[in-house]
Amino acid sequence: MTDTPTQLFIGGAWVDAVDGATLPVDDPATGEIIAHVADAGPKDARLAEDAAVQAQQEWARTAPRARSEILRRAHEIILERTDELAHLMTAEMGKPLAEARGEVAYAAEFFRWFSEEAVRIEGGAGILPDGRNRMVLSRRPVGPCLLITPWNFPLAMGTRKIGPAIAAGCTMILKPAPQTPLSSLALAGILKEAGLPDGVLNVVTTSRAGEVVEPLLRGGRIRKLSFTGSTAVGRLLLAQCADAVVRTSMELGGNAPFVVFEDADLDKAVDGAMVAKMRNMGEACTAANRFFVHRSVAEEFGRRLAERMGSLVVGPGTRDGVDVGPLIDANGRAKVEELVADAVQRGAEVLVGGRTPQGPGCFYPPTVLADVDPESRLMDTEIFGPVAAILTFDDEDEVVRRANDTPWGLVGYLFTEGLDRALRVSERLEVGMVGLNTGLVSNPAAPFGGVKQSGLGREGGRVGIDEFLEYQYLAVPVS
Ligand code: NAP
């Protein structure tokens, strides 16, 4: 970790912030400061923007195969350094090492996927219906991009944006979350090593996101914002994008329903719940937030889930055998505590967990709440922690209505052995993704994204690169 860069990455060089400012990065398992990284201000952002704008035209002209090869090499380097990157991520973010290794593989796969897509950018040509004109359609990179990522998947949220931007021929500025800047800086080092030309990727770490980002979005030179984060911040940034009519991709918050029907295989449902709830300690936009369980199986499901959740080992992510690391920071944990207290005060029964442990670190135990009142605050708030809230339902129409009764629509999980029901309910759910008898939907080859206030656009899959491309139509008379 001693070799991890801590400066800004601008125009292919490592530089300090113009005013010399730095920001501390701490380990949420101990509260100890593990590094200081450069803390960019608006002047640094301007330099990064200059570098991205200057590099754009030449980068757009590179052969797709050249862009593809850079991504492919970076994919390989990431995999070779799995252990090093996993330790870095665990240190700055808290997730257990095994999960961090899983994220490294997931993150690397976006580069492999988009290295394959870089050489499949196709336009089209044809005679228009009037027979007098031809149409030649080509696809162009949208231009310099601003990529903003959250702290919960420090490496994968970066590669999910950088991969398609490089493949499409865009230059970019990446602004990672201030809690987890080290993974992004390490990634920049890897891309440089893989041969990425100077200025194509610039990384600006900052504790002053508002001051740094707003001038970029309003300035007219950044042509695209790809944002992953909360709906509240996404809404604010959409408004800032309006002035210069900046194209946007928004991956925002979720409030996933997890529906267990009376004909579900409960083994599958409990396994699925463990993944959908506990991946990343519950700090995932895809985390199951509301468990709707048919009244006839609710007690057994709750008992079995509580048994599994209660057997998880909580501790520092670097320790062998640990399943659940700390939450990101004191604020994140305080929010979880408040949501649980509110639910309990409204009559929820705590089947397991629910008590904050003593000692250092932002730990919170895996918790299962049964008989949750639908008016509880955690029903319309992302819990972002290891808390499963169970409610009961009686029939299909009722559960579809309740599942859809939220402004969000990222993902839903269904557990049923009936094919008709599975298809019917999937079609009725207002979400961008459905896990049927599985608690995991994320895959670089599949389009990830939500409807309603969970976002705009898709990342990954065949369509992921489209977010970074424009069409140009050339009209040519038939002579
Ligand atoms: P957040 O507070 O919205 O922050 C996300 C990013 O936006 C951070 O880099 C943050 O930097 C930056 N930011 C905040 N205010 C800003 C402003 N005024 N101008 C410019 N940038 C600003 O979200 P978070 O707490 O880091 O992440 C958790 C959220 O992300 C959850 O809602 C989760 O569901 C969502 N998420 C969604 C997906 C998806 O694919 N749909 C994936 C992962 C996470 P600062 O912290 O410095 O403000």
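Worth saying up front: this structure is predicted, and the values here are computed from it rather than measured. (Residues numbered from 1 in each chain as written. Predicted model: local features only at pLDDT ≥ 70, side-chain atom pairs only at ≥ 80, totals over all residues. Heavy atoms only, no water.)

> Just to check I follow, could you spell out the nonpolar core for this structure?
A general feature of soluble globular proteins is that nonpolar side chains tend to end up buried together. The biggest cluster of nonpolar side chains holds 65 residues, and the ones touching the most others in it are Phe258, Val260, Phe291, Phe301, Leu305, Leu378 and Tyr413. A per-element tally of this core places helix H9 (residues 266-278) first, with seven residues. A domain-level breakdown of this core finds at least three residues from each of domain 1 (8-252 + 454-475) and domain 2 (256-443). Dropping the residues within four chain positions of it, Leu305 is found in contact with Val270, Ala273, Met274, Val368, Ala388 and Ile390. In terms of nonpolar packing, the next biggest core, distinct from the first, is built from 58 residues, Phe114, Ala165, Ala186 and Ile190 among them. (Core = buried A, V, L, I, M, F, W, Y, C linked by side-chain atoms within 4.5 Å. Buried < 20%, exposed > 50% of the residue type's maximum accessible area, 1.4 Å probe, protein only. Helix = DSSP H or I, 4+ residues; strand = E, 2+ residues; numbered from the N terminus. Domains from an automatic or database assignment. Contact = heavy atoms within 4.5 Å.)

> Please clarify how the packing of helix H12 (residues 396-404) against helix H13 (residues 419-428) should be interpreted in this entry.
A pair of packed helices can be characterised by two numbers: the angle between their axes and the separation between those axes. Interhelical geometry of H12 versus H13 gives an angle of 35 degrees and a closest axis separation of 10 Å. The element H12 and its partner H13 pack so that their crossing is right-handed. Facing H12, whose interface residues are Glu396, Asp397, Val400 and Asn404, H13 presents Arg421, Arg424, Val425 and Arg428. Considered class by class, the residues forming the contact of H12 with H13 number two nonpolar, one polar and five charged. (Axes fitted to C-alpha atoms, helices over the stretch in contact; angles between N-to-C directions. Left-handed = near helix turned anticlockwise from the far one by under 90°. Nonpolar A, V, L, I, M, F, W, Y, C, P; charged D, E, K, R; others polar.)

> Explanation requested: the sheet that holds strand S13 (residues 288-294) in the structure shown.
Two pairing modes exist for strands in a sheet, parallel and antiparallel, and in both the strands are linked by backbone hydrogen bonds. Overall, mixed pairing links the seven strands, which are arranged S14-S15-S16-S13-S12-S18-S19 in an open sheet. A strand with exactly one partner marks an edge of an open sheet, and here the two such strands are strand S14 (349-352) and strand S19 (433-436). With strand direction ignored, the average angle separating the axes of adjacent strands in the sheet is 25 degrees. Two elements, strand S12 (residues 256-260) and S13, share five bridges in a ladder whose sense is parallel. Paired with Val260 across the bridge in S13 is Val293. (Pairing = 2+ DSSP bridges.)

> What is the right way to look at helix H1 (residues 42-60) in this model?
Each α-helix turn comprises 3.6 residues. Residues three or four places apart therefore point the same way. With 19 residues, H1 should cover 27 Å at 1.5 Å per step; its first-to-last C-alpha distance of 26 Å lies within 8% of that length. The largest bend along H1 reaches roughly 25 degrees and is located at Gln54. Of all the residues in H1, the buried ones are Asp44, Ala45, Ala48, Glu49, Ala51, Ala52, Ala55, Gln56 and Trp59. (Expected span 1.5 Å × (residues − 1). Bend = angle between axes of the 7 residues up to and from the residue.)

> Please clarify how the side chain of Ser454 should be interpreted in this entry.
Looking at where Ser454 falls in the secondary structure, it is placed in the loop between strand S20 (451-452) and strand S21 (455-456). Its relative accessible area of 0% is what places Ser454 among the buried residues. Discounting chain neighbours no more than four positions away, the residues touching Ser454 are Met250, Glu251, Leu252, Gly253, Gly254, Trp408, Gly409 and Leu410.

> Would you mind showing me how to read H12 here?
Burial runs high along H12: seven of the nine residues are buried. At its buried positions, H12 is contacted by S12, S13, strand S16 (387-393), H13 and S20. Its side-chain oxygen at 3.1 Å from the backbone nitrogen of Asp397, Asp395 defines the N-terminal cap of H12. (Polar contact = N/O pair within 3.5 Å; in protein donor to acceptor, adjacent residues only side chain to side chain.)

> It is not clear to me how the site of the ligand should be interpreted in this structure. Could you clarify?
Near the ligand lie 30 residues; those nearest to it are Thr149, Arg160, Ser230, Leu252 and Glu382. Side-chain polar atom of Glu382 to an oxygen atom of the ligand: 2.6 Å apart, as the coordinates give it. About the coverage of the ligand: the protein hides 85% of its 900 Å² of free accessible area. Going through the elements one at a time, helix H5 (156-168), helix H7 (209-218), strand S10 (224-228) and helix H8 (231-242) are the ones with two or more residues in the shell around the ligand. Shared between two domains, the shell around the ligand holds at least three residues of each, these being domain 1 (8-252 + 454-475) and domain 2 (256-443). (Near = heavy atom within 4 Å. Areas by Shrake-Rupley, 256 points an atom, 1.4 Å probe, with all protein chains shown as cover.)

> What is the right way to look at the domain arrangement of the chain in this model?
A common way to state how big an interface is: give the accessible area lost once the parts meet. As assigned here, the chain comprises domain 1 (8-252 + 454-475) and domain 2 (256-443). For domain 1 versus domain 2, the distance between C-alpha centres works out to 31 Å. Every contact between the two is made by 20 residues of domain 1 and, on the other side, 29 residues of domain 2. Buried surface at the junction of domain 1 and domain 2, both sides included, amounts to about 2000 Å², of which 59% is carbon and sulfur. Across the domain 1-domain 2 interface, the total number found is zero salt bridges. The interface formed by domain 1 and domain 2 holds nine residue pairs in polar contact (both at pLDDT 80 or more) in total. (Buried area = accessible area lost by both parts, 1.4 Å probe. Salt bridge = Lys/Arg side-chain N within 4 Å of Asp/Glu carboxyl O.)

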